[in-house]
Amino acid sequence: MTARPAPAESPPFSVVLPLLFLAPIGLVTAGLLLLNADGDTLVAINAPHTVAIVHAIALGWASTTIMGASYQLLQAVLGGHIFSYRLARLQAAIHVVAVPLFVWAAYRWDTAWMALAGTLLATSFLLYSILAATALARASRRGVVHFGMAMGLIGLLVAFGFGLTWVGALYHLWFPITLGLLSAHAHLGLIGWLGITILSVSEQLVPMFSLTSQRPSRLPWIAIGLTAVAVTLFASVLPFQPGVPVRVLLALVLTVGPAVWAFGIVRGFRRRSRRKLDIHGRATMAALPCLLLAAVVGVGAAIGTPFTNDAEPARWLLAYGALLLGGFVGATLVGNSLKIVPFLIWIHRYQRLAGKAPVPVISDLVNVRLQHLALGLIVLGSYTVAAGSLAGSLLFIRAGGVIFAAGGVSLTGALWWSLLPAHSTRQPIGARKATT
Amino acid sequence: MTIAAEVANKLHSVVDPELGIDVVELGLVYEILAEGGHLHVSMTTTSDHCPMGDIMLAAARACLASGWPDHHVSVEYTFEPRWSPAMISELGRDMLGLPPAA
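Residues numbered from 1 in each chain as written. Chains lettered and ligands numbered in written order. Predicted model: local features only at pLDDT ≥ 70, side-chain atom pairs only at ≥ 80, totals over all residues. Heavy atoms only, no water.

### What to know about helix α7 (residues 144-172) of chain A
Here is the rule: Helix numbers and strand numbers start at the N terminus; a helix is a DSSP run of H or I with at least 4 residues, a strand a run of E with at least 2. The span one expects for a helix is its residue count, reduced by one, times 1.5 Å.
For α7(A), with 29 residues, the first-to-last C-alpha span of 42 Å sits near the 42 Å given by 1.5 Å per residue. Phi for A:L173, located one or two positions after α7(A), is positive at around 55°.

### Some thoughts on the pattern of salt bridges
Formally: Salt bridge criterion: a side-chain nitrogen from Lys or Arg within 4 Å of a carboxyl oxygen from Asp or Glu. A 1.4 Å probe rolled over the protein chains alone gives each residue an accessible area, and that area as a share of the maximum for its type sets the label: buried under 20%, exposed over 50%, partly exposed in between.
As enumerated under the stated definition, the model contains four salt bridges over all chains in all. The salt bridge partner of A:D278 is A:R274, with a shortest N-O separation of 3.3 Å. Judged by relative accessible area, A:R274 falls into the buried class, the value being 12%. Residues A:K339 and B:E18 are paired through a salt bridge, measuring 2.6 Å at the closest nitrogen-oxygen approach. Residue A:K339 is located in helix α12 (residues 315-350), and its partner B:E18 is located in the loop between β1 (15-16) and β2 (21-22); the two belong to separate chains. Residue A:K339 is classed as buried on the basis of its relative accessible area, which comes to 10%.

### A word on the packing of helix α1 (residues 13-22) of chain A against helix α4 (residues 48-77) of chain A
All names here are of chain A. The line we're drawing: Helix axes are fitted to C-alpha atoms over the stretch in contact, other axes to C-alpha atoms as well, and angles between N-to-C directions run from 0 to 180 degrees. An angle below 35 degrees is treated as roughly parallel, one above 145 as roughly antiparallel, one from 65 to 115 as roughly perpendicular, and anything else as oblique. Should the near helix be turned anticlockwise from the far one by less than a right angle, the crossing is termed left-handed; should it be turned clockwise, right-handed. Residues are treated as being in contact if the distance between any of their heavy atoms lies within 4.5 Å. Amino acid classes used here: Ala, Val, Leu, Ile, Met, Phe, Trp, Tyr, Cys and Pro are nonpolar; Asp, Glu, Lys and Arg are charged; the rest, including Gly, are polar.
At their nearest, the axes of α1 and α4 sit 8 Å apart, and the two run at 155° to each other. Judged by the inter-axis angle, α1 sits roughly antiparallel to α4. Here α1 and α4 pass one another in a crossing that is left-handed. Residues V15, V16, L19 and L20 of α1 touch α4, and the partners they reach there are T64, T65, M67, G68, A69, Y71 and Q72. For the contact of α1 with α4, the residue count by class is seven nonpolar, four polar and no charged.

### With respect to the interface of chain A and chain B
To keep things clear, this is the line we draw: By definition, the buried area sums, over both parts, the 1.4 Å-probe accessible area that each loses when the two are put together.
Contact residues are listed per partner, giving 39 residues for chain A and 42 residues for chain B. The contact between chain A and chain B buries some 3,500 Å² in all, and 63% of this surface belongs to carbon and sulfur atoms. Taken together, the connections running from chain A to chain B amount to two salt bridges. With five residues, the single largest contributor to the side of chain A that touches chain B is helix α15 (residues 429-435) of chain A. Looking at the side of chain A that touches chain B residue by residue, the classes come out as 19 nonpolar, nine polar and 11 charged.

### Section: the confidence of the model for chain B
Residues and elements named next belong to chain B. Cut-off, in case you're wondering: Values of pLDDT, the confidence the predictor places in each residue, fall between 0 and 100.
Looking at chain B, pLDDT values average 87 and 98% of them are 70 or higher. Mean pLDDT values for the elements of chain B range from 86 in helix α3 (residues 90-96) up to 92 in strand β4 (residues 38-43). Here the prediction assigns the complex a pTM of 0.89, and the interface score ipTM is 0.88.

### Remarks on the nonpolar core
Under the convention used in this document: What we call a nonpolar core is a set of buried Ala, Val, Leu, Ile, Met, Phe, Trp, Tyr and Cys residues that are connected through their side-chain atoms within 4.5 Å.
If you look at the biggest cluster of nonpolar residues, it comprises 162 residues, and the most contacted ones within it are A:W61, A:Y71, A:W261, A:F328, A:W346 and B:L11. When near neighbours in sequence (up to four residues on either side) are disregarded, A:W261 contacts A:L199, A:S202, A:E203, A:A223, A:L288, A:L291 and A:F328.

### A few points about the sheet that holds β4(B)
Residues and elements named next belong to chain B. So the rule is basically this: In this description, strands pair whenever DSSP reports at least two bridges between them.
Strand order across the open sheet formed by three strands is β3-β4-β5, with mixed pairing between neighbours. Edge positions in the open sheet fall to β3 (29-35) and β5 (72-77), since each of these has one partner strand only. In this sheet, neighbouring strand axes are inclined to one another by 10° on average, regardless of whether the strands run parallel or antiparallel. Sheet topology note: the β4/β5 ladder contains six bridges and is parallel. Bridge pairing in β5 places H40 opposite S74. Together, β3 and β4 form the strand contacts of helix α1 (residues 3-11), whose direction differs from that of β3 by roughly 135°.

Okay, here's the thing in structure tokens:
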């Protein structure tokens, strides 16, 4: 008989849930800002409103969700204690103030306010990194999830350090911010931080929720390692403005790790015991085509502007961003948020009663239709923005913004729904059996 | 009915809140020992590092303590053998949409 330590306790409600509940505001904001898309949107990827939209999603929605989810995961799953809940609450408070301030300042291209918001963001990321790094160092369970989260944390620090130097560039004209530098920063943030963290967390959550037999496999290690190496290479070379062949080669290299990850996920799904997919499984399945399309469009963007107007070079980059950030990252985060929030609320309300009295199950705390609506709208929004960008249609891009905003509202509704009293008092099968 | 069978029956009321299936039907209960005034249960989780694990353990302990207040109850984890879906009962398989075991 082999005894392993029991899983650790979840951090307090107040550390995790505020971040998860507030994060979709970033998505709604991005959707509404897309309504203001104009001709500049298709011409320059660094147009102020595009910078504001990308950061509303990347910092406002995605990073905020990942921070909340990782406080939970680091402690409850990896057994790494968050050493100060007070510091975690402070980090969350600073973050939720800094993000809207940064988005507003970027939209107005007010470099003074951008610098102030950037300083607050730096404080937030620094505090988060200290808390996450110490929890990772103390984690009792090491493995691919631990490795991936550590890689993601490095990605966050590098991406943010990279971006922070631009305060000097914008304010004191230290160096010109070229398309290559922008691309390197965006990939460090999108793939180095968000992507790698999502790949690694999925290695824990997908088999767990789909009841897949966990066999030791090297695939997740290879996928995350290759992705980390590729994004490092990409971000090191792109600032030097390489020619098309090198850009295409780097883009292809960048697709290998995620492709290996996707292969492993699909293989696991085929072995799953939970035949009817829950929201997490559906979200993961919805994210995979977005990832595939993002890879194809990303290679197109590396080539330049194939089949589109040369005067509008941002088209392919925008489509790539919409598919990767809105579609792949977005769908995955919807799945994770909609599992973690009801789980935490169940723990808060019913854990102490479990085994002593009949209690609702987690599916009694959720509104499945609202969950699917949120997922569907967010994926549809990303396809619409991507199609609008490729076609050069501002109408489609704005329509995608409306769909994104509606998706964000639906997601908020689906999350808050779990706070309502359980809508079913049915006894699960086991409880019925025990009382008969 | 033996006390071990009664314990197993009682454990049907400990339900995995994520799956809505009890720990017995999921095949998570490996061993039930009843000797004198002692009840001992060995159980497992469906996945490594399952965050529901400690909740299920505490729920099983509370469930048995209320059913046998005069007994010393111990519930502990074991991870050998590793749980697999083959351990799910026919009823559990039906609930998960799995075909009957061969």
